2 protein chains.
Amino acid sequence: MTLIEDAKKGFLGKEHEKLATIENMDLNKFIRRIGNGKIVVPKNINRDTKLCSIGKGTSTKINANIGSSSKMEDMDIEVDKAKIAIEYGADALMDLSTGPDLKEFRKAIMKVSNVPIGTVPIYEAVVNKKGSIVDITEDDIFNAIINQAKEGVDFMTVHCGINKDLLSKFKETKRIMGIVSRGGTFLSHWMMHNDEENPLFKNYEYLLELAYEYDITISLGDGLRPGCLKDATDIVQVQELINLGLLVKKARNKNVQVIVEGPGHVPLNQVGTNIQIQKTICDEAPFYVLGPIVTDLSMGYDHISAAIGGALAAYSGADFLCYVTPSEHLSIPSLDDVKEGVIASKIAAQVADNALGLKSAWDKEIAVSLARKNFNWDEMFKLSFNSKKAKDYREKTPVDEDEMCSMCGEYCALKVGKDI
Amino acid sequence: MTLIEDAKKGFLGKEHEKLATIENMDLNKFIRRIGNGKIVVPKNINRDTKLCSIGKGTSTKINANIGSSSKMEDMDIEVDKAKIAIEYGADALMDLSTGPDLKEFRKAIMKVSNVPIGTVPIYEAVVNKKGSIVDITEDDIFNAIINQAKEGVDFMTVHCGINKDLLSKFKETKRIMGIVSRGGTFLSHWMMHNDEENPLFKNYEYLLELAYEYDITISLGDGLRPGCLKDATDIVQVQELINLGLLVKKARNKNVQVIVEGPGHVPLNQVGTNIQIQKTICDEAPFYVLGPIVTDLSMGYDHISAAIGGALAAYSGADFLCYVTPSEHLSIPSLDDVKEGVIASKIAAQVADNALGLKSAWDKEIAVSLARKNFNWDEMFKLSFNSKKAKDYREKTPVDEDEMCSMCGEYCALKVGKDI
């Protein structure tokens, strides 16, 4: 039985029921929302994953992408990235390795991670064929999925919404950046070259059977997401979303947990719109957005651009934010980039959660404000996203009194205010 | 004649008229908006300031606060902060020095800066009295204003909205953080101790005469701005805004340029509200916000929190963003902190400007997207907020081909897409 089936019968296991308490949600409401697919808890039956609920009314969760590339394959670094991402609060990890040894990388990353692990199985199919995209077969794709399902992958990105009809519309579309999703490009390239339907669309029922067997959460990828602000919210992006909305219904009917992926590169004035149409078209399936980045000029600082877009997206209803690191568009992230990306995403999530009035978020806001009022520096450091950095800042320019910092010295408004 | 008077007669000097072109605004509309106070161009008659327009329909401008504190007074560093802030795009600087030698610091900073310079004159009055706030006199405050006016300060923060009535309401208000504006604390402390009305409120007409004489732009400070999210948009904050709204009318009647300062610490869901009530209450006077910071948990990363709040604020109508650095609430910023603060603010401004549909912002977005599509790295670096950082990222993990980076290697979606 999958989690949805349990929920439809009105009960969950004890560990799952604890999540309702963590989210300050009435248990019956929590169970109902899992049953109707508005909340998911990604966990493969073959893996002992730390549970984490994503969706309507829960706190905003964040994901960190890690993994090797063909130009940078170092097992120790990728394992350390997994560890540091979790240390700084990533709720989930995606292993996006595309180096020759990607299978070994996945195993190593899964070994050191307790959070839900996601993948994009088509990468394995392509790497197995040494990058010869057009030569992979339907079986190559499904064998990768089965292989990863057995290993315990909790959620999988599958670009099922790209079909022949969508590609015909794409050909009529004027975009600056074309297709920028890696999986989306692979599939489009394959479909055009072989003049065949997308295997993940054509065999969606079979995919759902596999997902059902391992209780894998399907993450419906947005292969035609915009690659720059100018391309955002265009015909093919919205057409793909409509395709995904239809696939959401099918997954739920088969008791398979499903989330939907979203952009990407979006101007700030379109962020709320994107969330709203996803929520209506996909019947409030949990929405997983990449960033979004809200300017294309922030190279070296795309984590800040993504924090701006992510905060507004989550406030508007997005449930799951995929981080963006400072090295985005420029190089594979370093350990430090992973840390900074996670922190920027955590800030965005907290900003959205307090704006939505979540108790868990406000409890922390009040606690840190009281600590600040009382010059309780240790408590402030403890509550901050990077205690060491905050502490280092304070100690960099030492002052002789607790009741001030080097910014205002004895003219500290809080200190002067205490004397009033 | 002040700039407003010129505008009311329907003409400006040539240098001022060039600003309309920079802002892609019809010249007559630009002149009309200066005449009715919806756009300001801060420039003291005694200073050769680079002109910069702030207000309705213009691109979002950003300010960097620099200056010594009583705990850190190093002339070379502060001068370098001014230079680096301007290098990375600050449109204005405020010298907030409070060290014993603040007058020398102001002169040195003004000497190396061509952008508009702002100050908070009450700091000079307090430092002149060696920090004995309650002992300063009305003359001390106005002598500081006159002294700075003669030196050529372009805009001055004056906390004219704090009056006895407001403080009586403040006493009935339950806030966590009380008063966190330095100038606001000084004045409140002085007023309560001496049981006197705020000299800047009582003698506002005289203040306007001085501002008129030097064509100084008055920046009406929000002394009772919230110091934490929980205190935001409360009775005293809004009451002070109403007081400022009344003072805006008086300044305009005297042909004095005026802008209004705003918070501070605000949950994301209240950011738009804050801008909207300022715009109605202050009749679209240009709005100058500090951040706003949208979570109190981001110590060491308050520049990111402020970029989130600032982007939404500017998109909602704020005209002028005061940067926040990573060291906010912890220590006086270093050179690098100033740089990072400016860049985060520039990102927020660009995000807002493209969301508002400004041509100047979209021209850059399109240019960088075309450069990215064409793997024109030099052009991408040139367009980014920190070319060196972007370039370093690319070169950190070198790849042998132009048409990829180390993130995706040969699986680069753009590269694969070109082959389709």
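Some words on helix α15 (residues 335-355) of chain A
All names here are of chain A. Taking 1.5 Å per residue, 21 residues should reach 30 Å; α15 reaches 31 Å between its end C-alpha atoms and fits that length. Most of α15 is tucked away, with 18 of its 21 residues classed as buried. Remark: G357 follows α15 within two positions and exhibits a positive phi of approximately 80 degrees.

Details of the relation of the copies chain A and chain B
Mapping chain A onto chain B calls for a screw motion: a turn of 180 degrees about the axis and a shift of 0.0 Å along it, with 0.0 Å RMSD after fitting. Each copy turns onto its partner about a two-fold axis. By C-alpha distance to the rotation axis, the residue of chain A lying nearest is I308 of chain A, at 2.2 Å. Here 100% of the contact residues of chain A are again contact residues in chain B; the copies associate through an equivalent surface.

What about the environment of L27 of chain B?
Residues and elements named next belong to chain B. Structurally, L27 is set in helix α3 (residues 27-35). Of the residues examined, L27 reaches a relative accessible area of 30% and is grouped as partly exposed. The spatial distance from the C-alpha of L27 to the C-alpha of G89 is 25 Å, given a sequence separation of 62 residues. When neighbours within four sequence positions are excluded, L27 is seen to be in contact with E17 and A20.

Side note on the interface of chain A and chain B
Every contact between the two is made by 101 residues of chain A and, on the other side, 101 residues of chain B. In total, chain A and chain B occlude about 8500 Å² of area from one another, counting both sides; carbon and sulfur atoms represent 70% of this. Here chain A and chain B share six salt bridges between them. Across the chain A-chain B interface, the total number found is 28 residue pairs in polar contact (both at pLDDT 80 or more). In terms of residues, the side of chain A that touches chain B owes the most to one element, α15 of chain A, which gives 10 residues.

Quick word on the domain arrangement of chain A
All names here are of chain A. Once the domains are mapped, chain A shows domain 1 (59-356) and domain 2 (360-417). Relative to domain 2, the C-alpha centre of domain 1 lies at a distance of 38 Å. Counting from both sides, the interface comprises nine residues of domain 1 and, opposite them, seven residues of domain 2. In total, domain 1 and domain 2 occlude about 740 Å² of area from one another, counting both sides; carbon and sulfur atoms represent 57% of this. At the boundary of domain 1 with domain 2, the tally comes to zero salt bridges. For the pair domain 1 and domain 2, the number of links is four residue pairs in polar contact (both at pLDDT 80 or more). Here the side of domain 1 that touches domain 2 is built from residues that sort into three nonpolar, three polar and three charged.

Calculation rules
Residues numbered from 1 in each chain as written. Chains lettered and ligands numbered in written order. Predicted model: local features only at pLDDT ≥ 70, side-chain atom pairs only at ≥ 80, totals over all residues. Heavy atoms only, no water. Helix = DSSP H or I, 4+ residues; strand = E, 2+ residues; numbered from the N terminus. Expected span 1.5 Å × (residues − 1). Buried < 20%, exposed > 50% of the residue type's maximum accessible area, 1.4 Å probe, protein only. Least-squares fit on C-alpha atoms with pLDDT ≥ 70 in both. Contact = heavy atoms within 4.5 Å. Buried area = accessible area lost by both parts, 1.4 Å probe. Salt bridge = Lys/Arg side-chain N within 4 Å of Asp/Glu carboxyl O. Polar contact = N/O pair within 3.5 Å; in protein donor to acceptor, adjacent residues only side chain to side chain. Domains from an automatic or database assignment. Nonpolar A, V, L, I, M, F, W, Y, C, P; charged D, E, K, R; others polar.

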